[in-house]
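One-letter residues, chain by chain:
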Amino acid sequence: MKTDKLLRRYRVDKPDKFRLADHDPTDTAGLTLDKTEARAMLANGVERLADMQERLYAENRSSVLAVFQAMDAAGKDGAIKHVMSGINPQGCQVHSFKAPSAEEIDHDFLWRVAKAVPERGRIGIFNRSHYEEVLVVRVHPELLAKQHLPKAATKDIWDQRFKSIRAFERHLAHNGTRVLKFFLHVSKDEQRKRFLARLEEPAKRWKFSMDDVAERKLWDKYMHAYEEAIRATSRSEAPWYVVPADNKWFARIVIASAMVATLEDLDPQYPKVDGAALKELEKVRKALEVEAAADKSAHRKGHKS
């Protein structure tokens, strides 16, 4: 399947008609790959992504922000680790947003993420994001009460926050930051299997929390919140990708493909060196060649003596 067709399958281009129930977490777009084939396909995407990221960094005109949201155990950490494995660390920034601090609560809900937006030339990764404020906080209204908001700010708060998010992401796009958002769509059955795997493997037990079980009981509320958020905020300048996540290998291929497609659309180029700057480089090259010849001559004389 061609990349464009693959991405159209999972990109939410018609948010008004979006229904989460129409998306199958086990879908692999007809691809049936063994582990070796899947790794090779992902490696190709990672290699292309690394090349494009180097160009993005060198050009220093645009940036890319990839937002990852999901239920627990959907594979966000693994996807970020594998897809970004070939990226030069100095050209990439990863931010994990946990429960807001007291200082963050005393600001508007976009304040802490606005500070973490990648500068020009870099790829930014948000592991959870501003969307927590219309997902977790919506499912747990008691958290909203702790934010000490003025009464006027709580009227139609979810619609108001969706409006703020759309404006924020549109502002980023207009100023050179491409935004793409991934919802790793895992099934409830697969989540249970992964929780059990964490409990069975000593090296993974640290990831498990009793809060995970409590949140699982609110599954339907979370699915409703995700559907509403995606419907309200998937726009051409900041699209959502609903990525089937029951098969980790496939989710990573879709994410890598979307990242590469975004960068290829930006088409970053290495800066051209010409004119006076090129002449200056020619002088430097000749000076280095003269130095190399002198060193070589000195080395020969040393051998003869």
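Described in the following lines is the structure provided in the data block. Bear in mind the structure is a predicted one, so any value in this text is a computation, not a measurement.

Things to note about the overall build of the protein
Here is step 1: Of regular secondary structure, the protein possesses 13 helices and five strands.
Here is step 2: Oriented by its inertia axes, the alpha-carbon framework of the protein measures out at about 85 × 50 × 40 Å.
Here is step 3: A buried classification covers 43% of the 305 residues belonging to the protein.
Here is step 4: Summarising the internal contacts of the protein: among those between residues at least 6 apart in sequence, 82% fall at separations of at least 24.
Here is step 5: One way to put it: in the protein the 55 positive side-chain charges average out to a point 2 Å from where the 46 negative ones average out.

So, the packing of helix H2 (residues 35–59) against helix H12 (residues 248–266)
Here is step 1: In the contact formed by H2 and H12, the axes pass within 9 Å of each other and the chain directions differ by 30°. By the criterion of interaxial angle, the relationship of H2 to H12 is roughly parallel. The chirality of how H2 crosses H12 is left-handed. Across from Ala 38, Met 41, Leu 42, Gly 45, Arg 48, Leu 49, Met 52, Gln 53 and Leu 56 in H2, the residues of H12 making contact are Trp 249, Arg 252, Ile 253, Ala 256, Met 259, Val 260, Leu 263, Glu 264 and Leu 266.

Regarding the packing of aromatic side chains
The relation between two aromatic rings is expressed through the spacing of the ring centres and the mutual angle of the planes.
Here is step 1: All chains considered together, the criterion is met by seven aromatic pairs.
Here is step 2: Taking 4.9 Å as the distance between ring centres and 80° as the angle between the ring planes, the aromatic pair formed by Phe 97 and Phe 126 counts as edge-to-face. Of this pair, Phe 97 sits in the loop between strand S2 (92–96) and helix H4 (102–105) while Phe 126 sits in strand S3 (residues 123–127), placing them 29 residues apart in sequence. You'll find Phe 97 and Phe 126 in the same group, each marked buried.
Here is step 3: Both rings, one in Tyr 131 and one in Trp 240, keep their centres 4.9 Å apart while their planes meet at 75°; by these two values the pair is edge-to-face. Highlighted residues: Tyr 131 in the loop between S3 and helix H6 (136–139) and Trp 240 in strand S5 (residues 240–244), separated in sequence by 109 residues.
Here is step 4: The ring of Trp 111 has Lys 115 sitting right over it, with the charged end atom 3.9 Å from the ring centre.

Overview of a nonpolar patch on the surface
Here is step 1: Taken together, the side chains of Val 273, Leu 278 and Leu 281 define a hydrophobic patch exposed on the protein surface, amounting to about 240 Å² of accessible area.
Here is step 2: The topology assignment puts Leu 278 in helix H13 (residues 275–304).
Here is step 3: Under the relative-accessibility criterion, Leu 278 is labelled partly exposed at 38%.

With respect to the sheet that holds S2
Here is step 1: The strand order S2-S3-S1-S4-S5 describes an open sheet built from five strands, whose pairing is parallel. Two strands lie at the open edges of the sheet, namely S2 and S5, each paired on one side alone. This sheet shows a mean twist of 20° between the axes of neighbouring strands, independent of strand direction.
Here is step 2: Both strand S1 (residues 63–70) and strand S4 (residues 177–185) contribute to a ladder of eight bridges, which runs parallel. When the sheet's bridge partners are listed, Val 67 is paired in S4 with Lys 181.
Here is step 3: On top of the sheet, helix H8 (residues 157–174) reaches S1 and S4; it is set at about 135° to S4, its chief contact.

What about the nonpolar core?
Here is step 1: Counting residues in hydrophobic clusters, the biggest one holds 79 residues, and the most contacted among them are Phe 68, Met 84, Ile 123, Phe 182, Leu 184, Ile 255 and Met 259.
Here is step 2: Counting residues per element, this core draws most heavily on H12, at eleven residues.
Here is step 3: Those residues in contact with Leu 184, other than ones at most four positions away along the chain, are Phe 68, Gln 69, Ala 70, Ala 74, Gly 75, Lys 76, Ala 79, Val 243, Ala 245 and Ile 255.

Observations concerning the side chain of Arg 252
Here is step 1: Mapped onto the secondary structure, Arg 252 falls in helix H12.
Here is step 2: What Arg 252 contacts, discounting residues up to four positions off in sequence, is Leu 42, Gly 78, Ala 79, His 82 and Val 83.

Conventions used here
- Residues numbered from 1 in each chain as written.
- Predicted model: local features only at pLDDT ≥ 70, side-chain atom pairs only at ≥ 80, totals over all residues.
- Heavy atoms only, no water.
- Helix = DSSP H or I, 4+ residues; strand = E, 2+ residues; numbered from the N terminus.
- Buried < 20%, exposed > 50% of the residue type's maximum accessible area, 1.4 Å probe, protein only.
- Contact = heavy atoms within 4.5 Å.
- Lys, Arg positive; Asp, Glu negative; His and termini not counted.
- Charge placed at Lys NZ, Arg CZ, Asp CG, Glu CD.
- Axes fitted to C-alpha atoms, helices over the stretch in contact; angles between N-to-C directions.
- Parallel < 35°, antiparallel > 145°, perpendicular 65-115°, else oblique.
- Left-handed = near helix turned anticlockwise from the far one by under 90°.
- Phe/Tyr/Trp six-rings, centres within 6.5 Å; stacked < 30°, edge-to-face > 60°.
- Lys NZ or Arg CZ within 6 Å of the ring centre and 35° of its normal.
- Patch = residues over 30% accessible without salt bridge, like charges linked within 9 Å, V, L, I, M, F, W, Y side chains within 5 Å.
- Areas by Shrake-Rupley, 256 points an atom, 1.4 Å probe, with all protein chains shown as cover.
- Salt bridge = Lys/Arg side-chain N within 4 Å of Asp/Glu carboxyl O.
- Pairing = 2+ DSSP bridges.
- Core = buried A, V, L, I, M, F, W, Y, C linked by side-chain atoms within 4.5 Å.

Limitation: the analysis is restricted to geometry and does not speak to function.
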